[in-house]
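Structure assessment
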Amino acid sequence: MSAAELRATLERLCKERPDLRFLSDSEEMTPYLREWRDAYRGEAAAVALPSSVEDVVALVKLARECDGVHLVPQGGNTGLVGGQIAFDSEHAITVSMARMNRILEIDPANNTLTCEAGALLADVQAAADDANKLFPLSLASQGSCRIGGVLSTNAGGCEVLRYGCAGDLLLGIEVVLSDGSVWDGMRPLRKDNTGYDLKRLFIGAEGTLGIITRAVLRLFPKPRSLMCAFVGIDSPSAGLSLLREAEEMSGGEVTAFELMPRIAIEMVERHTPSIRIPLESDAPWYVLLEISSSREEKDAIDRTEKILANAFDKNLILDGTIANSKAQEENFWSIRESISESQKREGGSIKHDVSVSVSRMPEFLERATRAVEEALAGIRVVAFGHMGDGNIHFNLSQPTDMERDAFMLESERFHRIVYDIIADMGGSISAEHGIGIAKLEENARHKSGVEQNLMRALKRALDPGGIFNPGKLID
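All of these numbers come straight from a predicted model, not from anything done at the bench. Chains are numbered independently. Their residues run from 1 in the order of the written sequence. In keeping with the model being predicted, local features are shown solely for residues with a pLDDT of at least 70 and side-chain atom pairs are shown and tallied solely at 80 or more, while totals for entire chains, interfaces and linings include all residues. To obtain the side-chain values, all non-hydrogen atoms of the structure were included, while hydrogens and water were left out.

A few points about the overall build of the protein chain
To keep it simple, the criterion reads: Helix numbering and strand numbering both begin at the N terminus, where a helix is a DSSP run of H or I of at least 4 residues and a strand a DSSP run of E of at least 2. Throughout, the radius of gyration refers to the C-alpha atoms, and the reference size of a globule is 2.2 Å times the residue count to the power 0.38. The rule is simple: take the accessible area with a 1.4 Å probe, protein chains only, and divide by the maximum for that residue type; under 20% is buried, over 50% is exposed, in between is partly exposed. We call two residues in contact whenever any of their non-hydrogen atoms come within 4.5 Å of each other. Counting rule for charge: Lys and Arg are taken as positive, Asp and Glu as negative, and neither His nor the chain ends is counted. Charge coordinates come from a single atom per side chain, which is NZ of Lys, CZ of Arg, CG of Asp or CD of Glu.
Secondary structure assignment for the protein chain yields 16 helices and 19 strands. Whereas a compact globule of 475 residues would reach a radius of gyration of roughly 23 Å, the protein chain reaches 23 Å, a difference of no more than 12%. Counting only C-alpha atoms and orienting by the principal axes, one finds that the protein chain spans roughly 70 × 55 × 45 Å. By residue count, 53% of the 475 residues in the protein chain fall in the buried class. When contacts within the protein chain are restricted to residue pairs at least 6 apart in sequence, those whose partners lie at least 24 apart make up 74%. Computed over 52 positive and 72 negative side-chain charges, the inter-centroid distance for the protein chain is 3 Å.

Rendered as structure tokens:
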């Protein structure tokens with residue numbers, strides 16, 4: 001079937017289902033076919049915009065009936081590894097969930113929220129807040145990313161330390177399968193010991209096994225107080241000790257522990273002068289520490305002050321301050337959230353989203369930094385991120401005396417260096433961004449044959465015709 005024939009078939013389907021829409025004009029499709037950093041530029045015969053689960057079922061049945069046609073599910077198109085991008089101008093239909101964006105129900109007594117897969121993360125957070133509840137998943141892209149996408153990639157973010165990844169916040173799910181049937185797993189239960197936990201199959205599957213259409217999410221009581229501290233430390237080892245002290249002294253109420261090197265702070269200062277660094281003296285490393293407490297604000301302030309005082313006494317921190325207003329708290333977080341954009345302005349960047357056990361984070365940073373600096377003189381290591389859950393963004397900026405294109409040609413060599421160290425340390429080459437197409441080859445190289453065979457068996461069992469997102473996650 002040619003692209004023109006496929007579009008004609010889609011047009012007939014839309015006449016049968018008036019609420020289903022599709023785009024075929026190249027200019028209109030562009031926002032759905034280009035990754036937001038412009039790292040991937042895709043192609044598709046059309047972009048479909050369903051408004052109901054019945055529309056999604058109709059699209060799946062169309063793909064089954066039209067030889068070679070496949071569907072590429074897409075949330076907010078904020079992914080970083082190309083998993084949401086279609087690459088077939090003749091046979092691919094990008095299925096954007098943007099119109100299936102309703103918050104369906106909030107059950108405060110059960111601490112659950114039910115929504116469609118296209119609901120924006122920010123809208124879910126706001127709906128929970130309106131009900132005096134907390135949905136704790138927090139991402140830089142929360143104004144653009146959608147629930148189906150964050151579940152399909154098992155997104156992490158800044159508060160995994162306390163609340164877990166997206167999959168840990170899921171209770172129930174609805175999925176359209178490759179035969180056009182709908183699995184209704186929308187049970188809002190904490191305990192359901194009736195066999196395989198089927199919903200977990202679709203968490204992190206990147207749309208390769210089915211299309212998520214609805215979800216039941218966990219909510220939490222809103223903390224009575226939230227304290228942020230910004231501190232300077234001399235090493236990641238000191239940061240690890242500070243994390244242990246903070247967790248013990250707070251009674252497990254640490255919600256974020258973000259590690260940042262001096263070079264990242266310098267880049268933020270250089271490219272975002274409106275942001276103020278809150279410490280008087282420089283330090284080799286910095287930590288943004290957040291504690292969410294069920295205690296009243298005064299008690300939380302006292303507890304945080306004791307944590308910092310204890311850390312000073314043990315020489316774990318060089319300097320530090322506690323936010324005494326919402327504006328200061330936002331300033332602290334703006335520093336952390338500005339690192340990626342500031343680094344982008346420094347030229348070429350070779351990125352790694354990796355994880356190791358929390359206890360081995362200092363060892364990884366030391367080993368990986370030494371290895372890449374020995375491999376290329378002048379390379380700038382910008383390693384930052386969620387030290388509290390073992391996830392670091394080990395990014396490499398081009399030497400100041402090297403051309404961007406020449407540096408980016410070194411990507412594969414540096415990926416191999418970093419990922420081999422990660423594998424040796426029992427870590428993961430993708431902590432929260434997924435595999436997509438960007439890490440397909442490396443994933444195959446590092447996953448055992450048993451793991452790969454299990455994944456292929458699941459793919460064959462649930463999507464024998466290869467309808468869903470082919471060429472992503474697993475070869």
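From this point, the discussion proceeds with the structure in view.
Description of the side chain of Thr304
Within the fold, Thr304 resides in helix α9 (residues 297–313). With a relative accessible area of 2%, Thr304 lands in the buried category. Setting aside anything within four residues of it in sequence, one finds Thr304 in contact with Met227, Ile291 and Ile322.

Points about the side chain of Ser225
Assignment of secondary structure puts Ser225 in strand β12 (residues 225–233). Apart from residues lying up to four places away in sequence, Ser225 is in contact with Ile291, Ser292, Ser293, Arg295, Glu296, Glu297 and Ala300.

Looking at the packing of aromatic side chains
How we decide: Pairing of aromatic side chains requires ring centres within 6.5 Å, counting the rings of Phe and Tyr and the six-membered ring of Trp. Pairs whose planes differ by under 30 degrees are stacked, by over 60 edge-to-face, and all others tilted. Lysine and arginine charges are scored as sitting over a ring when NZ or CZ, respectively, is within 6 Å of the ring centre and within 35 degrees of the ring normal.
Scanning the model with the defined rule gives five aromatic pairs in all. Ring centres 5.7 Å apart and planes at 50 degrees place the aromatic pair Phe230 and Phe332 in the tilted group. Of this pair, Phe230 sits in strand β12 while Phe332 sits in helix α10 (residues 326–337); the two residues are 102 residues apart in sequence, bridging distant segments of the chain. Relative accessible area serves as the criterion here: at 0%, Phe230 is assigned to the buried category. What links up through ring pairs into an aromatic cluster is the set Phe230, Tyr286 and Phe332. Over the aromatic face of Phe414 sits the side chain of Arg413, whose NZ or CZ is 4.9 Å from the ring centroid.

Quick notes on the sheet that holds strand β1 (residues 21–23)
Here is the rule we go by: Two strands are counted as paired when DSSP detects at least two bridges linking them. In this analysis an axis means a line fitted to C-alpha atoms, helices contributing only their contacting stretch, and an angle means the value between N-to-C directions, from 0 to 180 degrees.
An order of β1-β2-β4-β3 is seen for the four strands of this open sheet, with the pairing classed as mixed. The sheet terminates laterally at β1 and β3 (70–74), the two strands that pair on one side only. Going across the sheet, the axis of each strand differs from the next one's by a mean of 30 degrees, ignoring polarity. In this structure, β1 lies alongside strand β2 (residues 43–49), joined through three bridges in antiparallel fashion. Residue pairing for β2: Phe22 is matched across the bridge by Ala48. Against the sheet, helix α3 (residues 53–65) contacts β2, β3 and β4 (87–96), and its axis sits at roughly 150 degrees relative to β3.

Quick notes on the pattern of salt bridges
Heads up, the condition is: Salt bridge, as applied in this entry: a Lys or Arg side-chain nitrogen positioned within 4 Å of an Asp or Glu carboxyl oxygen.
Counted by the stated rule, this structure contains 26 salt bridges. Among the ionic pairs, Arg41 bridges to Asp38, the shortest N-O distance being 2.6 Å. With its nearest N and O atoms 3.0 Å apart, the salt bridge here joins Arg187 to Asp192. Owing to a relative accessible area of 38%, Arg187 belongs among the partly exposed residues under this scheme. Among the charged side chains, a network of salt bridges with common partners joins Arg262, Glu266, Glu269 and Asp282.

What about α3?
Selection rule: Here, expected helix span is obtained from the residue count minus one, scaled by 1.5 Å.
The terminal C-alpha atoms of α3, which comprises 13 residues, lie 19 Å apart, in line with the 18 Å expected from a rise of 1.5 Å per residue. Here α3 has its buried residues at Val53, Asp55, Val56, Val57, Ala58, Leu59, Val60, Leu62 and Ala63.

Remarks on the sheet that holds strand β8 (residues 170–176)
Strand order in this open sheet of five strands is β5-β6-β10-β8-β9, and the pairing throughout is antiparallel. Edge strands, defined here as strands with exactly one partner in the open sheet, are β5 (103–107) and β9 (182–185). Put simply, the sheet's adjacent strands are angled 10 degrees from each other on average, direction ignored. For β5 and strand β6 (residues 112–116), the ladder comprises four bridges, and the chain directions are antiparallel. In the strand pairing of β6, Ile103 is matched with Cys115. Packing of α3 onto the sheet brings it into contact with β8, β9 and β10 (211–218), and relative to β8 it is tilted by some 45 degrees. Relative to the sheet, helix α4 (residues 121–130) contacts β5, β6 and β10, its axis offset from that of β5 by approximately 35 degrees.

Points about the packing of helix α7 (residues 236–250) against α9
Heads up, the rule is: Take the far helix as the reference: if the near one is turned anticlockwise from it by less than a right angle, the crossing is left-handed, and if turned clockwise, right-handed. Classes in brief: Ala, Val, Leu, Ile, Met, Phe, Trp, Tyr, Cys and Pro nonpolar; Asp, Glu, Lys and Arg charged; the others, Gly included, polar.
The geometry of α7 relative to α9 is characterised by a closest axis approach of 10 Å and an angle of 145 degrees between their N-to-C directions. Note that α7 runs across α9; the crossing there is right-handed. Residues Leu242, Glu245, Ala246, Met249 and Ser250 of α7 pack against Arg303, Lys306, Ile307, Asn310 and Ala311 of α9. Split by residue class, the contact of α7 with α9 holds five nonpolar, two polar and three charged.

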